[in-house]
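# Report on the structure
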Protein chains: 2
Amino acid sequence: MAEQDRQAEQYTVGVDFGSESGRAVIVRLSDGEAMAEAVTPYRHGVMDHSLPDGTRLGREWALQHPQDYLDVFQQAVPQALKASGVSPEQVVGVGIDFTACTVLPTTAEGVPLCFLPEYAGRPHAWVKLWKHHAAQPQADRINRLAEERGESWLPRYGGKISSEWLFAKALQLLEEDPDTYAHAERFIEAADWVVWQLTGVETRNACTVGYKAMYQDGHFPPPEYFSALNPAFADVVQTRLQGGVGEALAPLGDRAGGLTDEAAAWTGLNPGTAVAVANVDAHVTAPAAGVTGPGQLVLIMGTSTCHVLVGENLAEVPGMCGVVEGGIVPGEYGYEAGQSGVGDIFAWLVKNMVPPEYHERAKAEGISLHALLEREAAKQAPGEHGLVALDWWNGNRSVLVDAGLSGMIVGMTLATRAPDLYRALIEATAYGTRVIVENFESSGVPVRELVIAGGLKKNKMLMQIYADVTGRPLNVLDAEQGPALGSAMHAAVAAGVYPDIAAAAEHMSRFQAHAYQPIAANVATYDKLYAEYLTLHDYFGRGLNDVMKRLKAVAGEAVQGVPPLNEEVTA
Amino acid sequence: MAEQDRQAEQYTVGVDFGSESGRAVIVRLSDGEAMAEAVTPYRHGVMDHSLPDGTRLGREWALQHPQDYLDVFQQAVPQALKASGVSPEQVVGVGIDFTACTVLPTTAEGVPLCFLPEYAGRPHAWVKLWKHHAAQPQADRINRLAEERGESWLPRYGGKISSEWLFAKALQLLEEDPDTYAHAERFIEAADWVVWQLTGVETRNACTVGYKAMYQDGHFPPPEYFSALNPAFADVVQTRLQGGVGEALAPLGDRAGGLTDEAAAWTGLNPGTAVAVANVDAHVTAPAAGVTGPGQLVLIMGTSTCHVLVGENLAEVPGMCGVVEGGIVPGEYGYEAGQSGVGDIFAWLVKNMVPPEYHERAKAEGISLHALLEREAAKQAPGEHGLVALDWWNGNRSVLVDAGLSGMIVGMTLATRAPDLYRALIEATAYGTRVIVENFESSGVPVRELVIAGGLKKNKMLMQIYADVTGRPLNVLDAEQGPALGSAMHAAVAAGVYPDIAAAAEHMSRFQAHAYQPIAANVATYDKLYAEYLTLHDYFGRGLNDVMKRLKAVAGEAVQGVPPLNEEVTA
């Protein structure tokens, strides 16, 4: 491109806040090309043992330090900008996406309580990261009460909300540290908090309140519901969520505000540059991969899989994580589903169930053990290994919403080897996705094709298996940083360069269309095997045999109770 | 012991013919002490690829060379005798036990057809070892016809006879090599053949005809039955089995004859020394471990487990391998059951599912991987790993009699490790034994305690688990060579030193009584887990969900048909 054209181009910055680091990408608005990127690791990472001052944390806690987020604006953004050679004048917007529900208490001015010396030693004053799981007792009560009261929002979340979500974390704060709760004038998603820091404007994005804060049909649950959980919790919405913004929610792609002088100095961008309403990392990936309308199920495949899907109508789909109006694209229903264990099940196998001979071969060939197992497993025809597994090593989110389930494999013989199990586990997760697809369809939300994002998209055998098992073509995201691209696209909309996200996607999204097509013979075999999976899925997962839960109960008793055998070994 | 007492002692020789070698043990009759032993490996081992002249064998064939057995008499016996310092005058008897059904065609004089130059190149002229599995089509027809005709003997074998047994092998001989069949004047168990070589006397021991040749209620199946299988097979019993002995069967412990001059020269023993009727290795282990009456289930635990049990009454117990009058102890009913995969399942796990870290630790500590896994697994309380498995990696013999079944494990999480699976597989085989125990009891054959023999008795964790799972005390065989000891005891009876095997066992058997006692707290937990096993056993094994068979069918089609995926690897 000539220097002249380059000068004529416009750019936005997409900033993706992950669990361990924040990443800034400079994106060209004409075609979505990533010009440069930079990463800032969080100095405090995930705090799951202690606070910076040494205060010990309980089990299942996971906190973060808000300054680490600001560091990303002060380091990654200017670094990426510099590396891109793009001038600040050419940058018309900033968009961010965040993990969720990642949430913190602040003052009415947006100062994190943990920044105040009198609260720095209190765990509840810090950011609770999405994977903070210590609010399970509160989540259990939230679910039980909602069920008893027949709360209309409950079915929108597959009948069960997670301990990771906003009100569970807020209730834990109230009940375990009422003083900090009393001084918290806001309890806000980190996504919205960083936008506030950039713009000086407090907003609440429509995505997180819908998926993480039970906002449905234009309102939160009523004060009577919260009061029944705990009388002191009755006004949580009015006092902690709506304090600065009232009932207004900010649609995705809207302009939250312009960069303050201070934030402009952090980032090296110009004051007043448009900042988009915050988004969630999974949901923002959809437009990055070209999805802004119905029929395309986006799978963000990593240690777990998050499925997002746009639907024209509201349907209550069993076992979903949530359905939110405007949750992915303004004006449309955004559906989210999930598989709790995907890449981490394969990693479990590779780490724990593969004998030395494969390690040695991989080493000798200079490839990863994953790659060796993939190559060996890819030599097989579908069904050749004779195995079917249930992919519930980490429980099941969609469609059974049951953390008490566990893994199962059937079909082993003395000839079963590691590549057989590797392939069987991949297939099991594909069957799990097919269950989700069929649930959407039978609930009236069509799924025409799959769109794959996330690290696992590089595994070609896995991709082909997903196409064959679901009988649908796969589009594959063709960008290294899907969420940052999606954020940059929302920034382009917020800046007014494109009228809406669909128009932005038309120019900027990056994907290989139909990179994998189902192979008819494989589809036929997998139809048979999926029928087996489904029978076992219902047998173990729908109460015909609750052996998985009883085994967990026995295991729980065993760890507490009976002294172990401790015979000396002679064999 | 003073030299004088030593001179006054009497001894017998027990010779145990295994799959790879024969072993001779000199045993003292006063107390069963093994004075010395020697082993002769079979020069030709298991012939499963070709004959000595290079003739290729088909799949599933397994043959042996009869000369290898004679070598044992000429090498192991005199070596053991010499090593013991016992004089030939003090040796009053010889007893042998053999694998079964291991069977060969001979002339009327007992000359193996394979010794005749004109037959040496014919596979069917050689010894078919027990694990020759090429007669499966014949076994299938034998079972189908017996079922159609409602043959009364079929239920005595759990409703299905094995391709390993005598008539399946004989029918294969007839149909695949009618000329060799025509010249076979005998089709005889190798057990009886070696006794014939020692004594010049042809006998048919009551044990093998009962367990391997469908002899029940005083007769073989009728000629019409055999004729319906194949008209040329009608007289197989009269011409090939009863040729030299008529209808006479030889009871266990009887004197088959005395050593011939030639056999005396081979062994270094005196001519005329009593030779006992032949026995089968598993069954002869019972009296060696002190079992000559009802209520004690003997488990010979190795790669698979063979269960033998004496009962006072005839009962048709589902899924047994067989019930034979006089099959273990003359005058009593001898029951046999089996688990097709035990030690070989543990070996499968150790070889194929254990990651390098455990290999390295075992090496660093200088212990076997089995020992390391046993030690780690023994630290757990029952149920702590949260797993239940079905032990059907090699199919299921008792009580389901179904080779089409396969393995299953349920309860895995991301925290599951190799020692968990190791313990779960051991427990699964213990549950499998409990199913057998409960089947005996519900059929009216009591099981008071278990008696353990075979290599796995050294694994103390496994032993305690068997006691806890079955809720019964374990006696453990306290002799290195159980079968040879049992053969030496039968030799003592044949020589008239003891009036019967019970009297011999009183003096000579070697076992630790109640070496393991069930621990009440563990029994309570295992009762719960066994209930889970049983539900899954019936679900997968009794037709509620035949997924295991369908998976095998799909695997069979896959191997023949569809071309495999062969994508290049990039992950």
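A brief structural summary. None of the values given here were measured: they were computed from a predicted structure.

## Quick word on the nonpolar core
- Counting 155 residues, the largest nonpolar core has Phe440, Leu536 and Phe540 of chain A together with Phe440, Leu536 and Phe540 of chain B as its most contacted members.
- Filtering out sequence-adjacent residues up to four positions away, Leu536 of chain B remains in contact with Tyr539, Phe540, Asn545 and Val547 of chain A together with Val388, Leu390, Met408, Val410 and Gly541 of chain B.

## Points about the side chain of Arg186 of chain A
Residues and elements named next belong to chain A.
- Structurally, the position occupied by Arg186 is in strand β8 (residues 186–189).
- What makes Arg186 buried here is its relative accessible area of 8%.
- At a separation of 2.7 Å, a polar atom in the side chain of Arg186 contacts the side chain of Glu202.
- Excluding residues within four positions of it along the chain, Arg186 makes contact with Leu104, Pro105, Thr106, Thr107, Ala108, Trp196, Glu202, Arg204, Arg240, Gly243 and Gly244.

## A few points about unusual backbone geometry
- The residue after Ala100 of chain A, namely Cys101 of chain A, is reached through a cis peptide bond having omega 0 degrees.
- Following the sequence through the fold, Cys101 of chain A ends up in the loop between β5 (91–98) and β6 (103–106).
- Residue Val399 of chain A is reached from Ser398 of chain A by a cis peptide bond, and omega for that bond is 10 degrees.
- On the secondary structure map, Val399 of chain A appears in the loop between β16 (388–390) and β17 (407–412).
- In this structure, Met214 of chain A is a non-glycine residue whose phi angle is positive, near 55 degrees.
- Relative to the helices and strands, Met214 of chain A is located in the loop between α8 (206–212) and α9 (223–229).
- Classification of Met214 of chain A by relative accessible area gives buried; the value is 1%.
- You will see that Asp217 of chain B, though not glycine, has its phi angle at about 55 degrees, which is positive.

## Focus: the sheet that holds strand β14 (residues 322–325) of chain B
Residues and elements named next belong to chain B.
- Spatial strand order, β14-β15-β13-β12-β18-β19-β20: 7 strands in an open sheet with mixed pairing. The sheet is open, and its two edges are formed by β14 and β20 (511–516), each paired on a single side. Shown here is a sheet whose adjacent strand axes are inclined to one another by a mean of 25 degrees, direction ignored.
- As paired strands, strand β18 (residues 447–453) and strand β19 (residues 474–477) are joined by 3 bridges and run parallel to one another.

## Focus on the side chain of Asp16 of chain A
Residues and elements named next belong to chain A.
- Examined against the element boundaries, Asp16 turns out to sit in strand β1 (residues 11–17).
- The side chain of Asp16 sits in the buried core without any salt bridge; Arg23 is the nearest counter-charge, 4.8 Å away.
- Leave out the neighbours within four places in its chain, and Asp16 touches Ser21, Gly22, Arg23, Asp97, Asp281, Pro483 and Ala484.

## Concerning the pattern of salt bridges
- On inspection of all chains with the given rule, the structure shows 48 salt bridges over all chains.
- Residues Glu37 of chain B and Arg23 of chain B are paired through a salt bridge, measuring 2.6 Å at the closest nitrogen-oxygen approach. Linking Glu37 of chain B in strand β3 (residues 34–41) with Arg23 of chain B in strand β2 (residues 21–28), this pair joins segments that are 14 residues apart in sequence.
- One network of salt bridges, in which partners are shared, links Arg361, Glu365, Arg375, Glu376 and Lys379 of chain A.

## A short note on the pairing of strand β1 (residues 11–17) of chain B
Residue and element names in this part refer to chain B.
- Within β1, 7 of the 7 residues are buried, which leaves the element mostly enclosed by the surrounding structure.
- Where burial is concerned, the two faces of β1 agree: the one with Tyr11, Val13, Val15 and Phe17 and the one with Thr12, Gly14 and Asp16 are both buried.
- Here β1 pairs with β2 via 7 bridges, running antiparallel. Across the sheet, Phe17 pairs through a bridge with Gly22, a residue of β2.

## Looking at the packing of helix α12 (residues 281–288) of chain A against helix α18 (residues 482–494) of chain A
All names here are of chain A.
- Interaxial distance between α12 and α18 falls to 7 Å at its minimum, and their mutual angle equals 75 degrees. The angle between α12 and α18 places the two elements in the roughly perpendicular class. Here α12 contributes Asp281, Val284, Thr285, Pro287 and Ala288 to the contact with α18, which in turn contributes Gly482, Pro483, Leu485, Gly486, Ser487, Met489 and His490.
- Partitioning the contact of α12 with α18 into residue classes produces 6 nonpolar, 5 polar and 1 charged.

## Some points on the interface of chain B and chain A
- Contact residues are listed per partner, giving 78 residues for chain B and 79 residues for chain A.
- The interface formed by chain B and chain A includes 4 salt bridges.
- Between Arg550 of chain B and Glu532 of chain A there is a salt bridge, with its nearest N and O atoms 2.4 Å apart.
- When contributions to the side of chain B that touches chain A are tallied by element, the ones reaching two or more residues are α13 (343–352), α14 (356–365), α15 (369–378), β17 (407–412), α16 (418–442), α17 (460–470), α20 (520–541) and α21 (547–560) of chain B.

## So, the packing of helix α17 (residues 460–470) of chain A against helix α20 (residues 520–541) of chain A
Residue and element names in this part refer to chain A.
- Direction vectors running N to C along α17 and α20 enclose 70 degrees, while the axes themselves pass 7 Å from each other. Accordingly, the angle class assigned to the pair α17 and α20 is roughly perpendicular. Our pair here, α17 against α20, has a crossing hand that is right-handed. For the pair α17 and α20, the contacting residues are Ile465, Asp468 and Val469 in the first and Asn522, Val523 and Tyr526 in the second.
- By residue class, the composition of the contact of α17 with α20 is 4 nonpolar, 1 polar and 1 charged.

About the criteria used
Residues numbered from 1 in each chain as written. Chains lettered and ligands numbered in written order. Predicted model: local features only at pLDDT ≥ 70, side-chain atom pairs only at ≥ 80, totals over all residues. Heavy atoms only, no water. Core = buried A, V, L, I, M, F, W, Y, C linked by side-chain atoms within 4.5 Å. Buried < 20%, exposed > 50% of the residue type's maximum accessible area, 1.4 Å probe, protein only. Contact = heavy atoms within 4.5 Å. Helix = DSSP H or I, 4+ residues; strand = E, 2+ residues; numbered from the N terminus. Polar contact = N/O pair within 3.5 Å; in protein donor to acceptor, adjacent residues only side chain to side chain. Pairing = 2+ DSSP bridges. Axes fitted to C-alpha atoms, helices over the stretch in contact; angles between N-to-C directions. Lys, Arg positive; Asp, Glu negative; His and termini not counted. Salt bridge = Lys/Arg side-chain N within 4 Å of Asp/Glu carboxyl O. Parallel < 35°, antiparallel > 145°, perpendicular 65-115°, else oblique. Nonpolar A, V, L, I, M, F, W, Y, C, P; charged D, E, K, R; others polar. Left-handed = near helix turned anticlockwise from the far one by under 90°.

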